[in-house]
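In case you want the letters, here they are:
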Amino acid sequence: MGAPDTGSIERFRRDFEAVLGHVPGAGERIALAVSGGPDSMAMLALAIAAFPGKVVAATVDHGLRAESADEAGMVARYCADGDVRHATLRIASPPEARDNIQSWARQERYALLQRWAIESGAASLATAHHADDQAETFLMRAARGSGLSGLAAVRRRQDIDVTIPSRFEGSTEAAGLWLSPSPLALVRPLLAWRHHELVEVAVAAGVPFVDDPSNTDDRFDRTRFRRLLAEAAWIDPVQIGRSAAYLAEADADLRTISQWLWKERALPSGHFEARLDVAGLPRALRRYLARMAMDHLVLKLGMTSGWSNAANIESLLDSLEAGKAATQAGIMASAKGDVWHFREAPPRRSH
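Going by what an unreviewed UniProt entry lists, the protein is known as tRNA(Ile)-lysidine synthase and is assigned to Sphingomonas oligophenolica. The protein has a UniProt comment under Catalytic activity (unreviewed entry) that states "cytidine(34) in tRNA(Ile2) + L-lysine + ATP = lysidine(34) in tRNA(Ile2) + AMP + diphosphate + H(+)". Its UniProt record gives the protein a comment under Subcellular location (unreviewed entry), which states: "Cytoplasm".

Written out as structure tokens, the structure reads:
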């Protein structure tokens with residue numbers, strides 16, 4: 001089992017410790033999401049060398065391609081050779097015909113990985129997003145007219161709360177309950193690395209990897225933007241990443257203001273509801289408070305898909321500001337004057 005060069009290992013160690021905010025201590029587990037592609041396999045090799053004995057890894061077999069099980073097996077064998085604990089996670093629900101299969105698979109993948117990381121005793125989960133991914137995401141969202149939260153693209157770090165189902169599901173009293181949320185840092189230590197650099201690390205170290213054919217499938221928006229960047233050498237993905245980072249800072253500042261407003265403007269409500277007084281607030285802050293209400297209920301209700309904090313909620317805001325009700329991602333929002341009320345949407349009636 002080969003190892004990356006010393007310079008790459010030290011660079012990765014610095015980048016990882018910077019995004020983590022500390023030097024991993026004794027007994028601290030570092031959880032990695034590894035798909036089997038060159039980027040995540042390079043990250044795995046770098047992490048094993050930089051933080052020996054601390055790494056655990058998981059691969060999601062989404063079942064969308066026949067080869068996915070073999071790819072998970074390849075990662076498992078590599079981990080076994082490096083004495084790294086590995087888990088293969090499988091999406092329980094079968095793939096269905098969907099308008100955006102990649103978005104669905106991403107949501108399911110993250111839900112599985114986050115719970116696995118918590119259950120593995122890790123306080124952080126690292127993914128292998130790099131500078132080229134960041135540039136693709138930025139351009140895709142700009143083309144769709146995304147706002148500040150969307151244009152911040154791939155965050156360097158996200159501190160989230162993860163809920164996992166109760167292990168006492170056989171008990172009548174505990175059935176369907178969710179355990180208290182556990183904190184998890186979702187980190188991307190490779191955002192300053194180019195894709196070609198990671199491929200070079202993997203090849204030089206003799207690390208096995210596979211290329212997902214969907215990466216060259218023009219049916220997906222990301223593939224078309226990837227080709228655009230490849231053909232336009234004058235566009236620098238690293239510089240686009242810096243712009244996204246500046247926007248992420250502004251987004252974080254507005255979130256901080258909104259958290260203070262949440263404490264000041266939240267009204268008494270049921271456990272699975274949220275009520276807010278938005279009187280006198282500009283639309284930008286109303287937008288952030290609405291997102292916080294959605295996040296709050298998605299967490300409380302244990303919803304694992306259908307909502308992203310970067311989702312476009314302009315139609316929802318338009319309805320609320322017009323005094324109307326609207327539903328998004330299984331959450332119903334309604335307005336009575338300057339009071340906005342969020343709760344789980346009732347089930348649709350069948351005809």
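Peer 1: Tell me what's going on with the UniProt feature "binding site: ATP" (unreviewed entry) in the protein, and back it up with residues and numbers.
Peer 2: Feature annotation in UniProt places "binding site: ATP" (unreviewed entry) on Ser35, Gly36, Gly37, Pro38, Asp39 and Ser40, given in this structure's numbering. Considering the arrangement of structural elements, one finds Ser35 in the loop between β1 (30–33) and α2 (38–50). Its relative accessible area of 48% is what places Ser35 among the partly exposed residues. Once you skip the residues sitting within four places of it in the chain, Ser35 turns out to touch Ser40, Thr59, Glu71 and Val75. Only 3.2 Å separates the side chain of Ser35 from the backbone nitrogen of Gly37, close enough to count as a polar contact. For Asp39, the position within the fold is in helix α2. On the accessibility criterion, Asp39 (16% relative accessible area) is buried.

Peer 1: Now, about helix α3 (residues 68–81): what can you tell me, with residues and values included?
Peer 2: Compared with the 20 Å implied by 1.5 Å per residue over 14 residues, the 20 Å span of α3 between its first and last C-alpha is a close match. Of the residues making up α3, those classed as buried are Ser68, Glu71, Ala72, Met74, Val75, Tyr78 and Cys79. The buried residues of α3 occupy an angular sector of 155 degrees when projected down its axis, which confines them to one face. Turned more than 90 degrees away from the buried face of α3 sit Asp70, Arg77, Ala80 and Asp81, all of them exposed. Buried residues along α3 sit in contact with α2, β2 (55–61) and β3 (85–90). Two residues or fewer past α3, Asp83 is found with a positive phi of approximately 60 degrees.

Peer 1: I'd love a proper account of the sheet that holds strand β11 (residues 339–344), names of residues and values included.
Peer 2: The five strands lie next to each other as β7-β8-β11-β10-β9, forming an open sheet whose pairing is antiparallel. Either end of the sheet is taken by a strand with one partner, and the two such strands are β7 (266–267) and β9 (326–328). One ladder, built from six bridges, connects strand β10 (residues 331–336) with β11; its direction is antiparallel. Across the sheet, residue Ala333 finds its bridge partner in β11, namely Phe342. Of the strands in this sheet, β8 (273–277), β9, β10 and β11 are in contact with helix α10 (residues 283–301), which crosses β11 at around 25 degrees.

Peer 1: Please set out the sheet that holds β1 residue by residue, giving values where relevant.
Peer 2: Strand order across the open sheet formed by six strands is β3-β2-β1-β4-β6-β5, with mixed pairing between neighbours. Of all the strands in the sheet, the pair left with one neighbour each is β3 and β5 (157–162). Averaged over all neighbouring strand pairs, the angle between strand axes comes to 25 degrees, with direction disregarded. Bridge count between β5 and strand β6 (residues 182–187): six bridges; the pairing is antiparallel. Bridged to Arg157 within β6 is Val187. Where helix α1 (residues 6–20) meets the sheet, it contacts β1, β4 (124–126), β5 and β6, and its direction lies at approximately 135 degrees from that of β4.

Peer 1: A description of the pattern of salt bridges should follow, citing residues and the corresponding values.
Peer 2: Per the counting criterion, the structure on display carries 16 salt bridges. Between Glu136 and Arg222 there is a salt bridge whose closest N-O contact spans 3.2 Å. Remark: Arg222 occurs in helix α8 (residues 221–231) and Glu136 occurs in helix α5 (residues 131–143); sequence separation between them is 86 residues. Judged by relative accessible area, Glu136 falls into the buried class, the value being 2%. Arg222 gets classed as partly exposed once you look at its relative accessible area, which sits at 26%.

Peer 1: Tell me about the side chain of Ser319, and please be specific about residues and values.
Peer 2: For Ser319, the position within the fold is in helix α11 (residues 314–321). Look at Ser319 and you get buried, because its relative accessible area is 19%. Beyond its immediate chain neighbours, meaning those up to four positions away, Ser319 contacts Lys324, Ala325 and Ala326.

Peer 1: So what about the pairing of β1? Which residues, and what values?
Peer 2: The two faces of β1 match: Ile30 and Leu32 on one face and Ala31 and Ala33 on the other face are all buried. With four bridges connecting them, β1 and β2 associate as parallel partners. Each residue of the ladder has a partner; that of Leu32, found in β2, is Ala57. In this fold, the crossover linking β1 to β2 by way of α2 has right-handed handedness. Of the strand pairs in this sheet, β1 and β4 are connected by two bridges, and their pairing is parallel. Its bridge partner being in β4, Leu32 is matched across the sheet by Ala126.

Peer 1: Outline the packing of α2 against α3, supporting the account with residue identities and numerical values.
Peer 2: It is at 12 Å that the axes of α2 and α3 come closest, and there the two elements cross at 15 degrees. Classified by the interaxial angle, the pair formed by α2 and α3 is roughly parallel. Crossing angle aside, the handedness with which α2 passes α3 is right-handed. Between α2, through Met41, Leu44, Ala45 and Ile48, and α3, the contact on the second element is made entirely by Met74, Val75, Tyr78 and Cys79. Grouping the constituent residues of the contact of α2 with α3 by class yields eight nonpolar, no polar and no charged.

About the cut-offs
- For every chain, the first residue of the written sequence is number 1, and numbering continues from 1 onward in sequence order.
- Where totals are concerned, whole chains, interfaces and linings use all residues; where local detail is concerned, this predicted model gives features only for residues with pLDDT of at least 70, and gives and counts side-chain atom pairs only at 80 or more.
- Think of the side-chain values as coming from all heavy atoms in the structure, minus any hydrogens and water.
- UniProt positions are given in the numbering used here, feature names are shortened, and annotations may be inferred rather than shown by experiment.
- Only runs of H or I of at least four residues qualify as helices and only runs of E of at least two qualify as strands under DSSP, and these elements are numbered from the N terminus.
- Buried residues are those whose accessible area, probed at 1.4 Å on protein chains only, stays under 20% of the maximum for their type, while exposed residues exceed 50% and partly exposed ones sit between those limits.
- The contact criterion used throughout is that any non-hydrogen atoms of two residues lie within 4.5 Å.
- Pairs of N or O atoms are called polar contacts if they sit within 3.5 Å, as long as, within protein, a hydrogen donor faces a hydrogen acceptor (for residues adjacent in sequence, only side-chain-to-side-chain pairs).
- Expected helix span is given by 1.5 Å per residue-to-residue step, counting one fewer step than there are residues.
- Arc definition: directions from the helix axis to the C-beta atoms.
- A pair of strands is labelled paired if DSSP reports no fewer than 2 bridges between them.
- With axes taken as lines fitted to C-alpha atoms, and helix axes fitted only over the stretch in contact, angles between N-to-C directions fall between 0 and 180 degrees.
- The salt bridge definition used is simple: a Lys or Arg side-chain nitrogen within 4 Å of an Asp or Glu carboxyl oxygen.
- Place the viewer so that the strands point away; then a crossover is right-handed whenever the path from the first strand over the helix to the second strand goes clockwise.
- Roughly parallel covers angles under 35 degrees, roughly antiparallel covers those over 145, roughly perpendicular covers 65 to 115, and oblique covers all other angles.
- Crossing handedness is read from the near helix: turned anticlockwise from the far helix by less than a right angle, it gives a left-handed crossing, and turned clockwise, a right-handed one.
- Amino acids are sorted into nonpolar (Ala, Val, Leu, Ile, Met, Phe, Trp, Tyr, Cys and Pro), charged (Asp, Glu, Lys and Arg) and polar (every other residue, Gly among them).

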